[in-house]
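Take a look at the letters that make up each chain.
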Amino acid sequence: DWSRTRKDNHKEVERRRRETINDGINELKSIVPNCDKNKGSILKQAVKYISELKEAEARNIERWTLEKLLSDQQIKSVKEEGEAWRRECERLKERVRELVVKREVLGVWEGRGRGRQRERREWMLRG
């Protein structure tokens, strides 16, 4: 009866194999849209759907890469513009300091009181 046991084992192995295949096909059917009940059709639709997903992924990666490149360029440009404005502010502050000193040297601040002169000096030192 060794032959009989071997046959029964083979049947069990084949039954589990078919069950695994059927479970996989049923899972595909639940994931892939517009599937028929036919196993062959389900597999065919799954292949088509996976191909469409891969193409969409490739398009998205290309789009995201381009968007990231553009964003990086915009960030760089904004940083450079901000740095240019910072330098311009520093230049203007220095120019104001020069003009304040020039006015004091020329005596334009006469008669304004000692408190005002102290404020000007403190402002210049903070600069």
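Remember, predicted model here, so these are calculated numbers, not experimental data.

**With respect to the pattern of salt bridges**
Phase 1 of the analysis: Applying the stated criterion across every chain, the model contains twelve salt bridges.
Phase 2 of the analysis: Of the charged contacts, one joins E88 and R91 as a salt bridge, the two residues approaching to 2.7 Å between their closest N and O atoms. A residue pair is termed a helical-turn pair when its members lie 3 or 4 positions apart in one helix, as E88 and R91 do in helix α2 (residues 39-106) at three residues.
Phase 3 of the analysis: The class of E88 is partly exposed, set by a relative accessible area of 27%.
Phase 4 of the analysis: Where salt bridges share partners, they join E12, R15, R16 and E19 into one cluster.

**What about unusual backbone geometry?**
Phase 1 of the analysis: With a phi close to 60°, N34 is a non-glycine residue in the positive phi region.
Phase 2 of the analysis: Structurally, N34 is set in the loop between α1 (2-31) and α2.

**A short note on the confidence of the model for the protein chain**
Phase 1 of the analysis: The predicted model of the protein chain has a mean per-residue pLDDT of 89, with 87% of residues at 70 or higher.
Phase 2 of the analysis: By mean pLDDT, the top-scoring element of the protein chain is α2 (95), and the lowest-scoring one is helix α3 (residues 114-126) (67).

**So, the UniProt feature "coiled-coil region" (unreviewed entry) in the protein chain**
Phase 1 of the analysis: In this structure's numbering, the residues bearing the UniProt feature "coiled-coil region" (unreviewed entry) are residues 75-102.
Phase 2 of the analysis: When the span residues 75-102 is considered, its composition is 100% helix and 0% strand, and the gap between its end C-alpha atoms is 40 Å.

Here is what the cut-offs are and how they apply
- The numbers attached to residues start from 1 for each chain and follow its sequence in the written order.
- Owing to the predicted nature of the model, reporting of local features is limited to residues with pLDDT of at least 70; listing and counting of side-chain atom pairs is limited to 80 or more, with chain, interface and lining totals taken over all residues.
- Side-chain measures were taken over the full set of non-hydrogen atoms in the model, leaving aside hydrogen atoms and water.
- Salt bridges are counted wherever a side-chain nitrogen of Lys or Arg sits within 4 Å of a carboxyl oxygen of Asp or Glu.
- By the criteria applied, helices consist of DSSP H or I runs no shorter than four residues and strands consist of E runs no shorter than two, each listed in order from the N terminus.
- Per-residue accessibility, obtained with a 1.4 Å probe over protein chains only, is compared with the maximum for each type, and a residue is labelled buried under 20%, exposed over 50%, and partly exposed between these values.
- On a range of 0 to 100, pLDDT expresses the predictor's confidence in each residue.
- UniProt positions are given in the numbering used here, feature names are shortened, and annotations may be inferred rather than shown by experiment.

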